[in-house]
Amino acid sequence: DRKNPEKATRSAVKYLGRLYDKFGSWELALAAYNGGPGRVARAVRRAGTNDYWKLNKFIPLETRNYVAAYIGASYVANYFHLHDLNPKQVEAKLLNTTSVNITEGISFSKVAETTGLPMEWIKMLNPQYLKGSIPASSKGHNLELPSLEAELVRHAYTAMPQRNFYLEFWNNKSDYQRMDYQVEPGDNMRSIAASFGCSMEDIVKWNRLTSLGLYKGRRLVLFTKKQIREPRNWNESPVLSNIDLGKIYQPARLVNLEIKEQHSIIVGTTDKKNPRVIKKGKDKYYIMKRGESLSDVARQFSNLELKELLLLNNIKINDRLNPGQKLKIK
């Protein structure tokens, strides 16, 4: 575990803290960290001072270079911009990592196969495992991975509790609603997360997925922010104000819909199969009724996916909609 970045850093910080308490100087603490506290204590006695810059001639060259290198690295990290130095950009995934406790033996190649991560990333995040694998242990060993991939490994290689507490937590959030989503051809994890305003990590946790791959017809549990609908009269509708609603529901009749907010008129015919559908040339529109959601609308049409409905109308899943509002469906 000396090569475990987190454990080694925590131990180093504790040790440096004890050395600082002993010598009262960070330079002396660094020298003692490298050369040993006994050697530094002898140098203090020989020089008759605890000023590092006055006593460092009594300290070995290797230790003097160690202190100088540490100070140099600290300076560069803080003042690189004064010397036209540009830090390399770190891959965003590597900035947000999580540890997974693994009890069974597993190779890095298997982790790479499960997560799709490059092997060099896995090795870089876990330098303590010299042979490219994690040995089995009843207490478990930690595997450091980007958060999303860590969840995949957690569900695939660790014993899961009977209950999904993360799912239960979201079920109890009063401002979110649960919905079932069926995967359609062309769907992927990223596009679904973008459409419903959640993260891929959330989808993995809600459904205990062990892979980011999705197949047609798979049902996913998703949560979206509830749409707040205020009571509204038909006469207050921005779309159907001052319109004889009886005309709209009579099949094959011409309908004039005055849209006050847009100051325009749509002329079309209603659909015989669905009187709420209005045709205008090649375009079709659907007039929403009270209490309907976007999902309700999409489900009425076999060739219309929810994400397509959002794109056609340039809206988001959580946008507020009103009874009588016109949605383009084709």
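Residues numbered from 1 in each chain as written. Predicted model: local features only at pLDDT ≥ 70, side-chain atom pairs only at ≥ 80, totals over all residues. Heavy atoms only, no water.

This brings us to the confidence of the model for the protein. With 83% of its residues at a pLDDT of at least 70, the protein reaches an overall mean of 80. The least confident element of the protein is strand E7 (residues 254-259), whose mean pLDDT is 37; the most confident is helix H2 (residues 26-35), at 96. A low-confidence stretch, residues 232-270 stays under pLDDT 50, and its non-local contacts, those more than four residues away or across chains, total 80 contacts. (pLDDT = per-residue confidence, 0-100. Helix = DSSP H or I, 4+ residues; strand = E, 2+ residues; numbered from the N terminus. Contact = heavy atoms within 4.5 Å.)

Attention now moves to the packing of helix H1 (residues 5-23) against H2. Across the interface, H1 lies against H2 with an axial gap of 8 Å and an inter-helix angle of 125°. Taken together, the axis directions place H1 and H2 in an arrangement best described as oblique. H2 is crossed by H1, and the crossing has right-handed handedness. Mapping the contact onto sequence places Ala 12, Tyr 15, Leu 16, Leu 19, Tyr 20 and Phe 23 in H1 and Trp 26, Leu 28, Ala 29, Leu 30, Ala 32 and Tyr 33 in H2. (Axes fitted to C-alpha atoms, helices over the stretch in contact; angles between N-to-C directions. Parallel < 35°, antiparallel > 145°, perpendicular 65-115°, else oblique. Left-handed = near helix turned anticlockwise from the far one by under 90°.)

Moving on to the side chain of Ser 147. Within the secondary structure, Ser 147 sits in helix H8 (residues 147-157). In this structure Ser 147 comes out as buried when scored by relative accessible area, which is 6%. (Buried < 20%, exposed > 50% of the residue type's maximum accessible area, 1.4 Å probe, protein only.)

Quick look at the pattern of salt bridges now. Counting across every chain of the model gives nine salt bridges. Here Arg 10 makes a salt bridge to Glu 6, at a shortest N to O gap of 3.3 Å. In this pair, Arg 10 and Glu 6 are both assigned in helix H1, four residues apart and thus about one turn of the helix distant. For Arg 10, a relative accessible area of 54% gives the class exposed. Of the residues examined, Glu 6 reaches a relative accessible area of 43% and is grouped as partly exposed. Linking Lys 93 and Glu 149 is a salt bridge whose minimum nitrogen-to-oxygen distance equals 2.4 Å. (Salt bridge = Lys/Arg side-chain N within 4 Å of Asp/Glu carboxyl O.)

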